[in-house]
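# Breakdown of the fold
One letter stands for each residue in the lines below.
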Amino acid sequence: MEFLVSLIAIALMVIGAFGIIFMKKPLDKVIMFSILDAGFVLVVVLFKYLDVALFAALAGPLSTVVFILSIVKIKEIREKKLASGDLNA
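Residues numbered from 1 in each chain as written. Predicted model: local features only at pLDDT ≥ 70, side-chain atom pairs only at ≥ 80, totals over all residues. Heavy atoms only, no water.

A count of helical and extended segments in the chain gives three helices and zero strands. Along its sequence from the N terminus, the chain presents helices and strands in the succession α-α-α. For the chain, whose C-alpha radius of gyration is 17 Å, the value lies well above the compact-globule estimate of 12 Å for 89 residues. By principal-axis analysis of the C-alpha atoms, the chain measures approximately 60 × 25 × 15 Å. Counting over 89 residues, the chain shows a buried share of 16%. With the model as given, the accessible surface of the chain reaches about 6,800 Å², and the carbon-plus-sulfur share is 77%. Of the charged side chains in the chain, 9 are positive and 7 negative; the average position of the first set lies 8 Å away from that of the second. (Helix = DSSP H or I, 4+ residues; strand = E, 2+ residues; numbered from the N terminus. Rg over C-alpha atoms; globule rule 2.2 N^0.38 Å. Buried < 20%, exposed > 50% of the residue type's maximum accessible area, 1.4 Å probe, protein only. Areas by Shrake-Rupley, 256 points an atom, 1.4 Å probe, with all protein chains shown as cover. Lys, Arg positive; Asp, Glu negative; His and termini not counted. Charge placed at Lys NZ, Arg CZ, Asp CG, Glu CD.)

So this is what it looks like as structure tokens:
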């Protein structure tokens, strides 16, 4: 049973990593990061580092929110540059 869970965790991390690399849209990358994070937390729990797993489980959603906020801010900056006609700066 533990072997099956470890295979699932490794699959989640690999799918998340390849998704981050090959996806084009930033929000898709955030979703893939969440999948990678889920696999990472599962691996940490399997190795019985429960204090690290608790921190990773708390820090994961916070980092996802920060990623989403940065994506929104970058999009706003790009739209302002397009509207002003300043594409080189």
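Now that the structure is up, let's keep going.
In this section: helix α2 (residues 26–46). At 3.6 residues per turn, the α-helix brings residues three or four places apart onto the same side. Taking 1.5 Å per residue, 21 residues should reach 30 Å; α2 reaches 30 Å between its end C-alpha atoms and fits that length. Among the residues making up α2, those that are buried are V30, M32, D37, G39, V41, V43 and V44. Buried residues belonging to α2 abut α1 (2–22) and α3 (50–84). Residue K48 follows α2 closely and has a positive phi angle near 65 degrees. (Expected span 1.5 Å × (residues − 1). Contact = heavy atoms within 4.5 Å.)

We now examine a nonpolar patch on the surface. A cluster of nonpolar residues, I10, V14, F18, I21 and F22, forms a patch on the protein surface that exposes about 520 Å² of accessible area. Note on placement: F18 falls in helix α1. (Patch = residues over 30% accessible without salt bridge, like charges linked within 9 Å, V, L, I, M, F, W, Y side chains within 5 Å. Salt bridge = Lys/Arg side-chain N within 4 Å of Asp/Glu carboxyl O.)

Moving on, we get to the side chain of T64. Tracing the sequence through the fold places T64 in helix α3. A polar contact of 2.9 Å, which involves the side chain of T64, links it to the backbone oxygen of G60. (Polar contact = N/O pair within 3.5 Å; in protein donor to acceptor, adjacent residues only side chain to side chain.)

All right, on to the packing of α2 against α3 then. At a minimum axis separation of 9 Å, α2 and α3 run at an interaxial angle of 175 degrees. In this view, α2 runs roughly antiparallel relative to α3, as classed from their interaxial angle. Every residue of α3 that contacts α2 at P26, L27, V30, F33, S34, D37, F40, V41, V44 and V45 is listed here: L50, V52, A53, A56, A57, G60, S63, T64, F67, I68 and I71. By residue class, the composition of the contact of α2 with α3 is 16 nonpolar, four polar and one charged. (Axes fitted to C-alpha atoms, helices over the stretch in contact; angles between N-to-C directions. Parallel < 35°, antiparallel > 145°, perpendicular 65-115°, else oblique. Nonpolar A, V, L, I, M, F, W, Y, C, P; charged D, E, K, R; others polar.)

Once that is clear, we can look at the side chain of D37. Here D37 shows up in helix α2. Among buried Asp, Glu, Lys and Arg side chains, D37 stands out as unpaired, with K29 the closest opposite charge at 17 Å. Excluding residues that lie within four positions of it along the chain, D37 makes contacts with A56 and G60.

Mapped onto the secondary structure, I74 falls in helix α3. On the basis of relative accessible area, I74 is assigned to the partly exposed category, the value being 43%. Separated by 51 residues in the primary sequence, I74 and M23 place their C-alpha atoms 18 Å from one another.

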